Amino acid sequence: MIGLISATAAGAVARDRLATAWPGRTRVYDGPVREAVERAFAECEQLVCFLATGATVRLLAPLLTDKASDPGVVCVDEAGRYAVALLGGHGGGANSLAAEVGSVLAATPVITTATDAVGVPGLDTLGLPAEGAVASVTRAMLDGTPVTLHADAVWPLPPLPPNVRPGAPLGAGAVAPLGGRGGRLAAGRAAPEAVARPVTGSAYTEGAPQGVPVPPHDSTRAPTHRSADAATGEPTAGAPEAEAPQVATTIGRRAAKRPVSGGPGGATASAQPVSAYGRLPAERAAAGPVATSADGAALPPAHPPAHPPAHPPALPPALPERPAGAAAPQDPAPEQPRAARLFVTDRVVALGPTDAVLRPPSLVVGVGASKGAGVDEVYGLVRDALRAAGLSPLSVAELATVDAKADEPGIVGAADRLGVPVRTYPAGALAAIAVPNPSDAPLAAVGTPSVAEAAALAAGRGGELLVPKRKSSPEGRPAMATCAVVRRAPRGRLAVVGLGPGARDLLTPRATAELRRASVLVGLDQYVDQIRDLLRPGTRVIESGLGHEEERARTAVSEARAGHAVALIGSGDAGVYAMASPALAEAADDIEVVGVPGVTAALAAAALLGAPLGHDHVSISLSDLHTPWEVIERRVRAAAEADIVVTFYNPRSRGRDWQLPKALALLAEHRTATTPVGVVRNASRPDGTTHLTTLARLDPATVDMMTVVMVGNTATREIAGRMVTPRGYRWQSEGAR
């Protein structure tokens, strides 16, 4: 609930506008301002105060307790010009609330949180529990000082800035031992046996894209690149490294040289400048995917992550005792300040004063319980199992069990304490899963020889069984609960994003948010150029030319399967003659897929023409590159006979100039020569043109691939220079009589 407090008549007007815009989300607090603020602060998750910031600060000061629990507070000035995120920018959601308030009141959001101001994702905004020196690591990220990243696997997080570099393998010696100077235990309730197990994981290499594990290499040697045979495109073993050609691209206000490696067939990019909207040079159009950073700098190729080993290696043996009479060692030199470290792991790790850890949702706990098992017994069993394995309870994503135990109080209560949901499965589904420790007792009770292990494996999506079935151990009576723990692999995220027709103000806020959320961007090079300035620092960009749509789709899905947050971009709406279809044909249920709609070329063109789509309409592509002409002709003929407004995409190119005249002739068999036809080229772009003509007067030679052609139905009319297709309302028909 959002509490609204005002002190003046003008503030009350703006307050009421918010209350009207957000019914059910807000509550107005009347009465003396101090009392209103106190009541709202105690009862609401967020506050909007139509007061001076100084007055609000004085009123809030005695009420503050902790940034993790205090509500977010936004101040709006008397004139309604600014919405200031005053308190709880991240934790309380005040930054996003200020943007929302600004949208409703036409006010400018004022956000002073450093990470938001410079476009760096805050560690406390990633949706993962964070522990340790979060502020110190964030400060290092902002200051550009080195931050070493240690992760068990790749998770679909936003891009981190370039000064966050992958560290050494998370094995023995990579993590400071517990109990060292300045060290402390994250999720420190772990049992002593967990302390002796250092974090392990995939190898990381300097210079690799962030969060991308790659095979270890000799750090004393500079990385080399394999060249390709010009005729076959196959790698040439032992070939010398070739110097990549350069392409100048505009990034904000500065130009950068972007090395572009050869694509299939060995083609390389031309040094000729390229317009964001014009045709690409043949050399660049033929180039395959090129990986660059957000500002165009070349990146080395990424490799799929290796899953961390099931059991971390033991610590090195302790040093032998000093023989009697031997000289005492000299005092060590004073410790030098250590670079900040960021861990992304479900394991218990030792944290120093400049270390932080993010807890990914990687653990699933399968739970079985006899009827009447208590919450303390079930929760204590889960807690102790995690402790013994050196795992953090903050990485538990859910509890899993059999359907028959969906409402078992002990299981439900344990899930509540952990703050996770309960997932259930039919007994038959669990019975089909092979487990190491089946039992007759659950088979007789609920119809499956395993509940804890089978449920954990089912919810773990083929993950690794870290903790086999373990029973509770209450004093003086038999065990009533079992549990097992599975680590599931990260599930990458693919957002298929429509960029709209080209104008920046027609790019949706949701599309912008997804572009900034993605750590990997895949797209046609000319579309990448349009939105490069919106990407966060550290974003890896994989771009290619025209004709490589299949390769882009497969690359995007592959990157998502590797665990990354990927944005695959297309013009207009990505689901309309664009990249969503080939990408989703490649994707399975092992990745999350998000569709972000965009304004299509047809909709942008229709808005410029008037209201040509006021009744039933259809879009047809005249390109026969992917569809036989016989099929296209049958569809055009059906639309003509059905008297439907037709929008032609891809109407004409230099090598394909006869299809549009043929399609117009088919429509002319069922429509008059004076039927309105709208011709829009580069809709919404600075060089766009709009022309209204008729079916008889349209000159196909004026049409190209950047053009949308709309042919009206028999009811479409030109009214005051606009193309209008009547909706067919009865009141309009009666008025016409």
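Everything that follows concerns the structure shown earlier in this document.
Since this is a predicted model, take the numbers as computed values, not measurements. (Residues numbered from 1 in each chain as written. Predicted model: local features only at pLDDT ≥ 70, side-chain atom pairs only at ≥ 80, totals over all residues. Heavy atoms only, no water.)

**Things to note about the overall build of the chain**
Quick note on the threshold: Secondary structure elements are defined from DSSP: runs of H or I of at least 4 residues count as helices, runs of E of at least 2 residues count as strands, and each element is numbered from the N terminus. When accessible area is computed with a 1.4 Å probe and restricted to protein chains, residues below 20% of their type maximum are described as buried, those above 50% as exposed, and intermediate ones as partly exposed. Contacts are assigned to residue pairs that have any heavy atoms within 4.5 Å of one another. The accessible surface values rely on the Shrake-Rupley method and a 1.4 Å probe; as for residues, cover is taken only from the protein chains in view.
If you tally the helices and strands in the chain, you get 21 helices and 36 strands. The burial tally for the chain puts 46% of its 737 residues in the buried class. In the chain, 68% of the contacts between residues at least 6 apart in sequence involve partners at least 24 apart. Total accessible area on the chain stands at roughly 35,000 Å², and carbon and sulfur atoms take up 55% of it.

**Some points on the sheet that holds strand β33 (residues 689-694)**
Here is the rule: In this scheme, strands are said to pair when DSSP sees at least two bridges between them. Axes here refer to lines fitted to C-alpha atoms; in helices the fit is confined to the stretch in contact. Angles between the N-to-C directions go from 0 to 180 degrees.
The mixed open sheet is built from five strands, whose spatial order is β30-β31-β34-β32-β33. If you trace the sheet from one side to the other, it starts and ends with β30 (617-621) and β33, each paired once. For this sheet, the mean inter-axis angle between neighbouring strands, taken without regard to orientation, is 20°. Here three bridges tie strand β31 (residues 645-649) to strand β34 (residues 707-711), and the two strands are oriented antiparallel to one another.

**Focus: helix α14 (residues 509-517)**
Short version of the rule: Arc definition: it is the arc formed by the directions from the helix axis to the C-beta atoms.
Those residues of α14 not exposed but buried are Ala-511, Glu-514 and Leu-515. For α14, the angular spread of buried residues about the axis comes to 100°, placing them on one side. Facing away from the buried surface of α14 by more than 90 degrees, the exposed residues are Pro-509 and Arg-510. Lining the buried residues of α14 we find β24 (493-498), β25 (520-524), α15 (525-531), β27 (565-570) and β28 (592-596).

**Considerations on helix α10 (residues 409-418)**
Turning to α10, its buried residues number three or more, namely Gly-410, Ile-411, Gly-413, Ala-414, Ala-415 and Leu-418. Next to the buried residues of α10 lie β19 (363-369), α9 (375-389), β20 (396-402) and β21 (422-425). Immediately beyond the C-terminal end of α10, within one or two residues, lies Gly-419, with a positive phi of roughly 75°.

**Overview of the side chain of Lys-405**
In this fold, Lys-405 is placed in the loop between β20 and α10. Those residues in contact with Lys-405 that lie beyond four places of it in its chain are Ala-369, Ser-370, Lys-371, Ile-411 and Val-446.

**Thoughts on the pattern of salt bridges**
Side-chain pairs of opposite charge can arise whenever the charged atoms involved come near each other. Put simply, the rule reads: Salt bridge, as applied in this entry: a Lys or Arg side-chain nitrogen positioned within 4 Å of an Asp or Glu carboxyl oxygen.
One pass over the full model with this rule turns up 30 salt bridges. Among the ionic pairs, Glu-464 bridges to Arg-487, the shortest N-O distance being 3.7 Å. Here the residue Glu-464 occupies a position in strand β22 (residues 464-471), and Arg-487 occupies one in strand β23 (residues 481-487), the gap between them amounting to 23 residues. Note on accessibility: Glu-464 and Arg-487 belong to one class, buried. Taking the shortest distance from any N to any O, the salt bridge between Arg-532 and Glu-543 comes out at 3.0 Å. With Arg-532 in the loop between α15 and β26 (540-544) and Glu-543 in strand β26, this pair connects stretches of sequence that are eleven residues apart. According to the relative accessible area criterion, Arg-532 is buried, its value standing at 3%.

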